[in-house]
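# Structural description and commentary
Single-letter residue listing:
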Amino acid sequence: MAQPGNTGFRRIVNATFYSLAGLRWAWRTEAAFRQECVALVILLPVAVWLGRTAVERALLVGSCLGVLIVELLNTAVESVVDRVGTDHNELSGRAKDLGSAAVFTSIAAAALVWALIAWERFGGA
């Protein structure tokens, strides 16, 4: 957490360290995040090859990064819910289900982007 009075460059440095700590924690503890990172590493060269324009490449890579972003937010929601309590609660369950639905939706959106660009390249009009 940023210390009061940290502004400018020092705040940016601190924020970077906190962000990297979050990424390390997600990598160590979240199997889904690791799987999505591995998929990203595999798909990056494919995106460069598949996309014919900079916009297509940006859409392909951006859709994959979007999945990682939503996964991190879902993990944050789950962490807060678990912090509040582990007993069954309808609202806690709903929050976790909605986070999971957000991840699913981001994966579906990424798949749609990839399918449309692949269709355009290989079989489309």
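Computed from a predicted structure; not experimentally measured.

## Brief notes about the environment of arginine 83
Structurally, arginine 83 can be placed in helix 3 (residues 54-84). Measuring from C-alpha to C-alpha, the distance between arginine 83 and valine 55 comes to 41 Å, with 28 residues separating the pair along the chain.

## What to know about the pattern of salt bridges
Scanning all chains against the criterion turns up two salt bridges. Across the salt bridge formed by aspartate 82 and lysine 96, the nearest N and O atoms sit 2.6 Å from each other. Pair noted here: aspartate 82 is in helix 3 and lysine 96 is in helix 4 (residues 90-122), with a separation of 14 residues, a long-range link. You can call lysine 96 partly exposed: its relative accessible area is 26%. Across the pair arginine 94 and glutamate 90 runs a salt bridge, and its minimum N-O distance is 2.9 Å. Taken together, the residues arginine 94 and glutamate 90, both in helix 4 and four residues apart, mark about one turn of the helix. Arginine 94 gets classed as partly exposed once you look at its relative accessible area, which sits at 42%. By relative accessible area, which is 58% here, glutamate 90 ends up exposed.

## Brief notes about helix 2 (residues 31-50)
In this model helix 2 runs 28 Å from its N-terminal to its C-terminal C-alpha over 20 residues, within 8% of the 28 Å that 1.5 Å per residue would give. Along helix 2, the helix axis deviates most sharply at leucine 43, where the bend reaches about 35°; the proline proline 45 sits within four residues downstream. Elements that come into contact with the buried residues of helix 2 comprise helix 1 (8-29), helix 3 and helix 4.

## Some words on the nonpolar core
Ranked by size, the top nonpolar core spans eleven residues in total: Ala26, Phe33, Cys37, Leu40, Ala47, Leu50, Leu60, Cys64, Leu68, Trp114 and Ile117. Of the residues forming this core, the biggest block, five residues, is contributed by helix 2. The residues contacting cysteine 64, other than those within four sequence positions of it, are Leu40, Leu43 and Trp114.

## Brief notes about the layout of surface pockets
Considering only enclosed or pocket space, the largest pocket measures out at about 170 Å³ in volume. In terms of lining, the largest pocket is formed by Glu36, Ala39, Leu40, Leu43, Cys64, Val67, Ile107, Ala110, Ala111 and Trp114. Within the residue set of the lining of the largest pocket, elements represented by two or more residues are helix 2, helix 3 and helix 4.

Parameters at a glance
Residues numbered from 1 in each chain as written. Predicted model: local features only at pLDDT ≥ 70, side-chain atom pairs only at ≥ 80, totals over all residues. Heavy atoms only, no water. Helix = DSSP H or I, 4+ residues; strand = E, 2+ residues; numbered from the N terminus. Salt bridge = Lys/Arg side-chain N within 4 Å of Asp/Glu carboxyl O. Buried < 20%, exposed > 50% of the residue type's maximum accessible area, 1.4 Å probe, protein only. Expected span 1.5 Å × (residues − 1). Bend = angle between axes of the 7 residues up to and from the residue. Contact = heavy atoms within 4.5 Å. Core = buried A, V, L, I, M, F, W, Y, C linked by side-chain atoms within 4.5 Å. 1 Å grid on protein atoms, 1.4 Å probe; cavity = no way out; pocket = protein on both sides within 12 Å on 5 of 7 lines; lining within 4 Å. Points joined across faces, edges and corners; volume = space filled by probe spheres on them.

Treat this as a map of the structure, not an account of what it does.
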